[in-house]
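# Notes for the structure review
Each chain, written out:
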Amino acid sequence: MVYQTPQVFFKGILNKIKDDGLYKEERYICSPQDGKIKARFPYDSPEKEIVNLCSNNYLGLSSHPEVVQAAHDGLDQRGYGMSSVRFICGTQDIHRELEAKISAFLGTEDTILFASCFDANAAVFEALLNKDDAIISDKLIHASLIDGVRLCKAQRFIYPHSDMEKLESVLKSINAVNKVIVTDGVFSMDGDMAKLDEICALAEKYEAMVLVDDSHATGFIGKTGRGVHEHFNVMDKVDIITTTFGKALGGATGGCVSAKKEIVELLRQKGRPYLFSNALMPAVVTATLKVVDLLSASTDRRDKLEQLTSYWREALTSAGFDIKAGTSPIVPIMLYNATLSQNISKDLWAEGIYAVGFFYPVVPKGEARIRTQLSASLDKSDLEKALDVLIKVGKKYEILGKTKEEVIERYGA
Ligand SMILES: *Cc1c(COP(=O)(O)O)cnc(C)c1O
């Protein structure tokens, strides 16, 4: 019975998480992912229809009939699993076809697929950099980038979020063979964009590479949805893009590094999550191929998303909500107090609106919020309904039209 001591220990940690009010509970969706879903919570409660304001299904492609059909076709024609890593017997021609198609879409030289963007980020630093090199990253980069950076021996520097002066002073002070500036394209918690034009200019000035994780942008940011590099018109200035197929691009699974060709070649030789983890399922490959075709053929979905986003941002602002400024479909409603964010999320759920409250440690202390995310699978009528409910709940808690200071004074932060 060696488990007795660890058991007490683990229970203690779990209790602490619960006591701190940080225990995460999962809600159960009983329909395909969509703008309106059927869900239940707790598990044994009846199903109900609910408007979904918290998925990463930005373009509504997760359950798109042509994408589903393409996955069926992949399953029928290429079977279920590869049972191999890529370099042994796990590479199909369609893997290579997808890599080429993504390179063309993102405007890069080459692309290498991974099981997820988490894996792509775990691979990229360790394979390319060593102790003579330097990584300079934004303070708010995604957890998977942080973990990837930890796996490599390069020197590390962090600049305050989007602080270009600090970035420049760090770049000025570093002595390293290779330098790489690392940022998210769109930051997931605030929904703001990296200042990629300025970052690229600094990179040029101080001879650094630029790595952008565009997971919350690929498919819909920029005029034709290429990403943040398109938005800032620096498509030829970004050296490395990492991104996911698990958000806008159908939302199943998979990710990639899309970059200069030597970088991709090196990752195929040295990327540990590539060398030691199974190849992407063929059905995911054929479905993602279809997604990229759909996005290349028409911008209708990203255009609709953009329209819904500006409607939503304006509607919330005129109703008196305090939202984070920006243009991305991530629209955080600031509440500052963690308990308030949980209570409002609960009330919204009761009224048929699904939006999750975030608080420390997911966001900084005193920055609790409800994060709403838009999707082309939503219609304006869904948002009108959501707005009515939000206003009702906002009135209940008397937060409409209140300043940050007033909300904090009443509820604490
Ligand atoms: C979601 C996300 C990831 C992880 O993507 P997966 O493919 O789900 O592993 C990585 N980076 C960023 C910035 C993300 O938002």
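Residues numbered from 1 in each chain as written. Predicted model: local features only at pLDDT ≥ 70, side-chain atom pairs only at ≥ 80, totals over all residues. Heavy atoms only, no water.

### Concerning the sheet that holds strand β5 (residues 134-138)
Where we set the bar: Here, strands pair whenever DSSP counts at least two bridges between them. Put simply, DSSP H or I for four residues or longer makes a helix, DSSP E for two residues or longer makes a strand, and each gets a number counted from the N terminus. Helix axes are fitted only over the stretch in contact, all axes being lines through C-alpha atoms; the angle between N-to-C directions runs from 0 to 180 degrees. The criterion used for residue contact is that any of the two residues' heavy atoms lie within 4.5 Å.
The strand order across the open sheet formed by seven strands is β4-β10-β9-β8-β7-β5-β6, and the pairing between neighbours is mixed. Strands at the two margins of the open sheet, each flanked by one partner only, are β4 (110-114) and β6 (155-159). Between one strand and the next, the sheet's axes are offset by a mean angle of 20°, whatever the strand orientation. By the bridge criterion, five bridges tie β5 to β6 in an arrangement that is parallel. Each residue of the ladder has a partner; that of alanine 134, found in β6, is glutamine 155. Of the strands in this sheet, β4, β9 (240-244) and β10 (255-259) touch helix α4 (residues 93-106), which is tilted by about 125° from β4. Contacting β4, β5, β7 (179-184), β8 (209-213), β9 and β10, helix α5 (residues 117-128) crosses the sheet at an angle of about 155° to β9.

### Here's the deal with the side chain of aspartate 119
Among the structural elements, aspartate 119 can be located in helix α5. Not counting residues up to four positions away in its chain, the partners in contact with aspartate 119 are Phe114, Pro273 and Ser277.

### Brief notes about the environment of tyrosine 336
Selection criterion: Between N or O atoms, a polar contact is any pair within 3.5 Å; within protein, one atom must be a potential hydrogen donor and the other a potential acceptor, and residues adjacent in sequence are included only when both atoms are from side chains.
Note that tyrosine 336 resides in strand β11 (residues 330-336). For the pair formed by tyrosine 336 and glutamine 4, sequence separation is 332 residues and the distance between their alpha carbons is 40 Å. In this structure the side chain of tyrosine 336 is engaged in a polar contact, spanning 2.5 Å, whose partner is the side chain of aspartate 322.

### Comments concerning the pattern of salt bridges
Defined as follows: A side-chain nitrogen of Lys or Arg and a carboxyl oxygen of Asp or Glu constitute a salt bridge if their distance falls within 4 Å. The rule is simple: take the accessible area with a 1.4 Å probe, protein chains only, and divide by the maximum for that residue type; under 20% is buried, over 50% is exposed, in between is partly exposed.
All chains considered together, the criterion is met by 23 salt bridges. A salt bridge links arginine 268 to glutamate 99, with the shortest nitrogen-to-oxygen separation between them at 3.1 Å. Placement of arginine 268 in helix α10 (residues 261-270) and of glutamate 99 in helix α4 is noted, with a sequence separation of 169 residues between them. As far as the burial class goes, arginine 268 and glutamate 99 line up, both buried. The partner of lysine 392 in a salt bridge is glutamate 351, and the shortest N-O contact between them spans 2.7 Å. Here glutamate 351 lies in the loop between α14 (338-350) and β12 (353-354) and lysine 392 lies in helix α15 (residues 380-396), a separation of 41 residues in the sequence.

### Focus: the site of the ligand
How we decide: Any residue with at least one heavy atom within 4 Å of a molecule or strand is counted as near it. All accessible-area figures derive from a Shrake-Rupley calculation using a 1.4 Å probe, and residue coverage is judged against the displayed protein chains alone.
Looking at the ligand, there are 13 residues lining it, with Cys117, Phe118, Asp213, Thr244 and Lys247 nearest. Take phenylalanine 118: an N or O atom from its main chain is 3.0 Å from an oxygen atom of the ligand. Contact distances for the ligand include 3.5 Å between a nitrogen atom and a side-chain N or O atom of serine 215. Relative to its unbound accessible area of 390 Å², the ligand is 83% covered by the protein chains. Broken down by element, the residue count for the shell around the ligand peaks at three residues, all from α5.

### Observations concerning unusual backbone geometry
The linkage connecting phenylalanine 41 with the following residue, proline 42, adopts the cis geometry, with an omega of -5°. When you line up the elements, proline 42 lands in the loop between β2 (36-40) and β3 (48-52). Even without being glycine, tyrosine 336 reaches a positive phi, approximately 75°. Of the residues examined, tyrosine 336 reaches a relative accessible area of 6% and is grouped as buried. Positive phi is not limited to glycine here, since glutamate 398 has a value of about 55°. Relative to the helices and strands, glutamate 398 resides in the loop between α15 and α16 (404-411).

### Points about the environment of lysine 380
One can find lysine 380 in helix α15. Placed 212 residues apart in sequence, lysine 380 and glutamate 168 show a C-alpha to C-alpha distance of 43 Å. Not counting chain neighbours up to four residues away, the residues in contact with lysine 380 comprise Leu308 and Tyr311.

### Here's the deal with the domain arrangement of the chain
This is how it is decided: Note: domain ranges come from an automatic or database domain assignment. Buried area: the accessible area, evaluated with a 1.4 Å probe, that two parts lose upon being put together, summed over both parts. Note on residue categories: nonpolar means Ala, Val, Leu, Ile, Met, Phe, Trp, Tyr, Cys or Pro, charged means Asp, Glu, Lys or Arg, and polar means any other residue, Gly included.
By the assigned domains, the chain splits into domain 1 (18-52 + 299-411) and domain 2 (65-297). A separation of 28 Å is found between the C-alpha centroids of domain 1 and domain 2. With 15 residues of domain 1 at the contact, the number on the domain 2 side is 15 residues. Both faces considered, domain 1 and domain 2 share a buried interface measuring about 1,200 Å² in area, 58% of it formed by carbon and sulfur atoms. The partner of aspartate 190 in a salt bridge is arginine 369, with the nearest N and O atoms 2.6 Å apart. Viewed at the interface, domain 2 and domain 1 are joined by six residue pairs in polar contact (both at pLDDT 80 or more). Within the residue set of the side of domain 1 that touches domain 2, elements represented by two or more residues are α13 (300-319), β11 and β14 (368-373). Considered class by class, the residues forming the side of domain 1 that touches domain 2 number seven nonpolar, four polar and four charged.

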